[in-house]
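Topology and contacts: notes
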Amino acid sequence: MTQRSTSRTDVLKLARLRGEPEIFYSIQGEGKSIGIPSVFVRTTLCNLHCIWCDTDYTWNWEGTRFSHKNDDKPGYRKFSKKEWMVECNIDAVAAAVADFACANVILTGGEPMLQQAALVRLMEQLCAQSKDYHFEVETNGTLLPSPAFDQQIHQYNVSPKLENSGNPQKLREKSGPLRFFARSPKANFNFVVAEPSDLEEILSMLQQYAIPPDRVWLMPEGSTPAVLNKRRKWLVEICKKHGFRYSDRIHVQIWGAKKGV
Ligand code: SF4
């Protein structure tokens with residue numbers, strides 16, 4: 001795929017996996033659209049730095065001051081930005097997406113909303129080819145969508161980060177964007193839950209932004225089936241008690257921590 005560095009709206013910074021931009025066809029593994037065959041476009045870069053992030057190759061660069069839980073694991077190395085990030089021409093990204101002949105497109109990351117202008121160009125280009133496209137974006141909920149971006153997006157999968165992510169509150173909780181998403185009928189809220197004690201924080205956020213429970217999906221934190229299995233048992237009970245949706249993370253169940261699936 002062509003690598004370019006023209007203007008910011010002409011290129012997308014994508015994760016690079018096995019030498020190629022990370023654009024792949026799979027099923028949505030979690031949340032409202034779980035199980036839907038989808039094309040994923042993985043942007044790189046993130047404005048948060050969750051210690052358990054399972055896409056750490058989009059931000060845990062060599063030399064960064066941020067930490068990840070794997071930093072101390074034998075054999076783990078922070079990622080070379082040069083090796084793991086690729087700048088791609090929008091035309092080439094649109095062609096790669098269209099090749100899969102799948103209408104559900106999921107913009108994921110990293111934090112895709114850091115690159116809204118380029119993503120608008122991508123969505124416009126795809127819509128010019130077919131009106132059937134349906135665009136979801138997976139976001140940490142800290143950035144406001146531009147009107148042009150909001151016009152193209154059909155579904156926001158907003159995943160506000162909790163204290164368990166290791167990000168300071170002033171970075172992970174932005175009231176303006178959260179108010180916007182709370183009011184948008186296109187937004188649903190996914191919370192990654194590591195401990196039962198996370199519930200207090202979730203309930204407080206939902207109350208503060210007037211988010212009803214039927215727009216909330218809780219999913220267990222974990223990058224292995226064994227960890228998910230342990231956590232889902234108490235998480236399901238929390239969902240039953242409060243009227244939240246439970247979501248498994250079926251990509252982890254099927255493929256574990258494998259990338260690009
Ligand atoms: S917001 Fe998402 S991509 Fe960014 S560090 Fe957290 S889990 Fe990873």
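Everything below is about the structure shown above.
Structural notes, computed from the coordinates. (Residues numbered from 1 in each chain as written. Predicted model: local features only at pLDDT ≥ 70, side-chain atom pairs only at ≥ 80, totals over all residues. Heavy atoms only, no water.)

The sheet built from three strands is open, its strands ordered S2-S1-S5 with antiparallel pairing. In this open sheet, the two edge strands, each paired with only one partner strand, are strand S2 (20-21) and strand S5 (85-89). Examined bridge by bridge, strand S1 (residues 11-17) and S2 share two bridges and lie antiparallel to one another. Bridge pairing in S2 places arginine 16 opposite proline 21. Packed on one face of the sheet, helix H2 (residues 90-98) meets S1 and S5 and runs near 90 degrees to S5. (Pairing = 2+ DSSP bridges. Helix = DSSP H or I, 4+ residues; strand = E, 2+ residues; numbered from the N terminus. Contact = heavy atoms within 4.5 Å. Axes fitted to C-alpha atoms, helices over the stretch in contact; angles between N-to-C directions.)

In terms of burial, strand S4 (residues 37-42) is largely enclosed, as five of its six residues are buried. Where strand S3 (residues 23-27) and S4 come together, five bridges link them in antiparallel fashion. Within S4, the residue paired with serine 26 across the bridge is serine 38. (Buried < 20%, exposed > 50% of the residue type's maximum accessible area, 1.4 Å probe, protein only.)

Our next topic: the site of the ligand. Every residue near the ligand is listed here: Cys46, Leu48, His49, Cys50, Trp52, Cys53, Thr55, Trp59, Gly110, Asn140 and Lys161. In the shell around the ligand, the residues fall into six nonpolar, four polar and one charged. (Near = heavy atom within 4 Å. Nonpolar A, V, L, I, M, F, W, Y, C, P; charged D, E, K, R; others polar.)

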